[in-house]
Amino acid sequence: MKISEIKELLSADVLCGEEMLEEDFCSAFGSDMMSDVLAFVNDQAVLLTGLCNLQVVRTANMMDMRCIVFVRAKKPTDDIVELAKESGIAVLATDKTMYVSCGILYSNGLRNEAVNN
Amino acid sequence: MSEPIRFHFDVDGDNFSSAGEASVQVKRMLRQIGIPAEVIRRVSVAMYEGEINMVIHADGGNADVVVEPGKIIIILADRGPGIADIELAMTEGYSTAPENVRSLGFGAGMGLPNMKRYTDDMKIESVVGEGTTVTMTVLF
Ligand SMILES: Nc1ncnc2c1ncn2[C@@H]1O[C@H](COP(=O)(O)OP(=O)(O)O)[C@@H](O)[C@H]1O
Ligand SMILES: [Mg+2]
């Protein structure tokens, strides 16, 4: 699924990474706990989270993820967006909740295949 | 690359917003010297968990990374409270992190198990009231 489709499906704003909109990813992971991201992410490129701090970006960077979707109307501050830009990570923000966002993306084909548990 | 390459960082314990910066820098530097991506992932995730632990449990410390041919060693040393029961601390899900740390996205008790899983060797030396040193080795 392309970032541009994620943007459409979630009515999301793109806060950085406009140039990455046509990049295509096949799996995603959702969590507010960064420890879970570090434990369970394998090759998922998209992170959905309701947590909003700099560690979200650093955690995504550690796991080589390419796109962060902030859910339930979290507004990432400028320093968060700036760090994502530096790290080559696209940032989207949606008003939808975690459950709804994951459900929409999953049912449109963005799965979770790569999880190793 | 016969001489070991060394990186050193002071990890600030007073400021959560900078937690993880050292690991991000190590990741960037390992990329620059051409370490394989999979190795970088293992080193940087293990170091990141350990760096976050130093910030949330031990008020900061020192991080050293030594790159040798076929081997990267990460040494995280702090003068925090120490760990009384290391085996218990290694249990998945065990955490003494307070609620405020959980609301920052950490404190699920997965850090030490993750560090062990991502590295080939991990040694914890800890003295209650004096501090903790975690030494991790990744082979490639
Ligand atoms: N550097 C440290 N200094 C003191 N205690 C530590 C340190 N690292 C880990 N611990 C202890 O070990 C427990 C488990 O650590 P970890 O698996 O990383 O989980 P978490 O950080 O989520 O609590 C911590 O809750 C803490 O009690
Ligand atoms: Mg931890």
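It should be noted that the structure appears before, not after, this text.
Residues numbered from 1 in each chain as written. Chains lettered and ligands numbered in written order. Predicted model: local features only at pLDDT ≥ 70, side-chain atom pairs only at ≥ 80, totals over all residues. Heavy atoms only, no water.

J.: Explain the packing of aromatic side chains to me, please; I cannot follow it from the model alone.
T.: The description of an aromatic ring pair uses the distance of the two centres, along with the angle that the planes make with each other. In the structure shown here, the tally under the stated rule is 2 aromatic pairs over all chains. Between the aromatic rings of B:Phe16 and B:Phe106, the centroid separation amounts to 6.2 Å while the plane-to-plane angle is 65°, which identifies the pairing as edge-to-face. Here B:Phe106 lies in the loop between helix H4 (99–102) and helix H5 (111–118) and B:Phe16 lies in the loop between strand E1 (5–12) and helix H1 (21–32), a separation of 90 residues in the sequence. Comparing B:Phe16 with B:Phe106 shows no difference in burial state: the two are buried. On the basis of an interplanar angle of 65° and a centroid distance of 6.3 Å, the ring pair of B:Tyr48 and B:Phe106 is categorised as edge-to-face. Of this pair, B:Tyr48 sits in helix H2 (residues 37–58) while B:Phe106 sits in the loop between H4 and H5; the two residues are 58 residues apart in sequence, bridging distant segments of the chain. By relative accessible area, which is 0% here, B:Tyr48 ends up buried. Above the plane of the ring of A:Tyr106 lies A:Arg111, whose end atom (NZ or CZ) is 4.3 Å from the centre. A cation over a ring is seen here: B:Arg117 above B:Tyr118, with NZ or CZ 5.0 Å from the ring centre. (Phe/Tyr/Trp six-rings, centres within 6.5 Å; stacked < 30°, edge-to-face > 60°. Helix = DSSP H or I, 4+ residues; strand = E, 2+ residues; numbered from the N terminus. Buried < 20%, exposed > 50% of the residue type's maximum accessible area, 1.4 Å probe, protein only. Lys NZ or Arg CZ within 6 Å of the ring centre and 35° of its normal.)

J.: Help me understand H1(B) in this model?
T.: Note: α-helices contain 3.6 residues per turn, so residues at a spacing of three or four share the same orientation. All names here are of chain B. The end-to-end C-alpha distance of H1 is 17 Å, a good match for the 16 Å that 12 residues give at a rise of 1.5 Å each. Buried within H1 we find Ala 22, Ser 23, Val 24, Val 26, Lys 27 and Leu 30. Directly beyond the C-terminal end of H1, a positive phi value near 80° is found at Gly 34. (Expected span 1.5 Å × (residues − 1).)

J.: Explain the pattern of salt bridges here, please?
T.: Any two side chains of opposite charge can pair if their charged atoms end up close together. According to the stated counting rule, one finds 11 salt bridges over all chains in the structure shown. Of the charged contacts in the structure, one is a salt bridge between A:Asp64 and B:Arg31, with a shortest N-O distance of 3.9 Å. One end of the pair, A:Asp64, is in the loop between helix H3 (54–62) and strand E4 (67–70); the other, B:Arg31, is in helix H1, on a second chain. Residue A:Asp64 is classed as partly exposed on the basis of its relative accessible area of 31%. A:Asp64 serves as the salt-bridge partner of B:Arg41, at 2.9 Å between the closest nitrogen and oxygen. Note that B:Arg41 is positioned in helix H2 and A:Asp64 in the loop between H3 and E4, a pairing that runs across two chains. (Salt bridge = Lys/Arg side-chain N within 4 Å of Asp/Glu carboxyl O.)

J.: Mind showing me how you'd approach the sheet that holds strand E5 (residues 131–139) of chain B here?
T.: Within a beta sheet, neighbouring strands are joined by backbone hydrogen bonds and run either parallel or antiparallel to one another. Residues and elements named next belong to chain B. One open sheet accounts for 5 strands, arranged E1-E2-E3-E5-E4; its pairing is antiparallel. Of all strands in the sheet, those with a lone pairing partner are E1 and strand E4 (121–127), marking the two edges. When strand polarity is set aside, the average angle formed by the axes of neighbouring strands in this sheet is 10°. Looking at chain direction, strand E3 (residues 71–78) and E5 are connected through 8 bridges and run antiparallel. Along E5, the bridge assignment pairs Ile 75 with Thr 135. Across the sheet, H5 touches E4 and E5, and the angle it forms with E4 is around 140°. (Pairing = 2+ DSSP bridges. Axes fitted to C-alpha atoms, helices over the stretch in contact; angles between N-to-C directions. Contact = heavy atoms within 4.5 Å.)

J.: Before we go on, may I ask you to explain the sheet that holds strand E3 (residues 46–49) of chain A in this structure?
T.: All names here are of chain A. Read across the sheet, 5 strands follow the order E1-E5-E4-E3-E2 without closing on themselves; strand pairing throughout is mixed. Edge strands, defined here as strands with exactly one partner in the open sheet, are strand E1 (13–16) and strand E2 (28–30). Neighbour to neighbour, the strand axes of the sheet diverge by 20° on average, direction disregarded. Contacts from H3 reach E3 and E4, with the element oriented near 150° to E4. Contacts between helix H4 (residues 78–86) and the sheet are confined to E1, E4 and strand E5 (90–93), with E1 contributing the most and set at about 70° to the helix.

J.: How should the site of ligand 1 be read in this particular structure?
T.: All names here are of chain B. Contacts to ligand 1 come from 20 residues, most closely from His 57, Ser 95, Thr 96, Gly 109 and Leu 112. Residue Ala 108 places a main-chain N or O atom 3.1 Å away from an oxygen atom belonging to ligand 1. Considering every element that reaches the shell around ligand 1, the biggest residue donor is H2, with 4 residues. Looking at side-chain class alone, the shell around ligand 1 contains 10 nonpolar, 9 polar and 1 charged residues. (Near = heavy atom within 4 Å. Polar contact = N/O pair within 3.5 Å; in protein donor to acceptor, adjacent residues only side chain to side chain. Nonpolar A, V, L, I, M, F, W, Y, C, P; charged D, E, K, R; others polar.)

J.: Honestly, H2(B) in this entry has me stumped. Any pointers?
T.: All names here are of chain B. The first and last C-alpha atoms of H2 sit 30 Å apart over 22 residues, in line with the 32 Å expected at 1.5 Å per residue. The buried count for H2 comes to 19 of 22 residues, which makes it a mostly enclosed element. Positive backbone phi, at 65°, marks Asp 59, one or two positions downstream of H2.

J.: Where do I start with the side chain of B:Asp78 in this structure?
T.: Residues and elements named next belong to chain B. By the secondary structure assignment, Asp 78 is in strand E3. No salt bridge is formed by the buried Asp 78; its nearest oppositely charged neighbour, Arg 79, is found at 8.3 Å. Within the local environment of Asp 78, its side chain forms a polar contact with the backbone nitrogen of Gly 80, the two atoms lying 2.9 Å apart. (Lys, Arg positive; Asp, Glu negative; His and termini not counted.)

Geometric descriptors of this kind do not, in isolation, establish any biological role.
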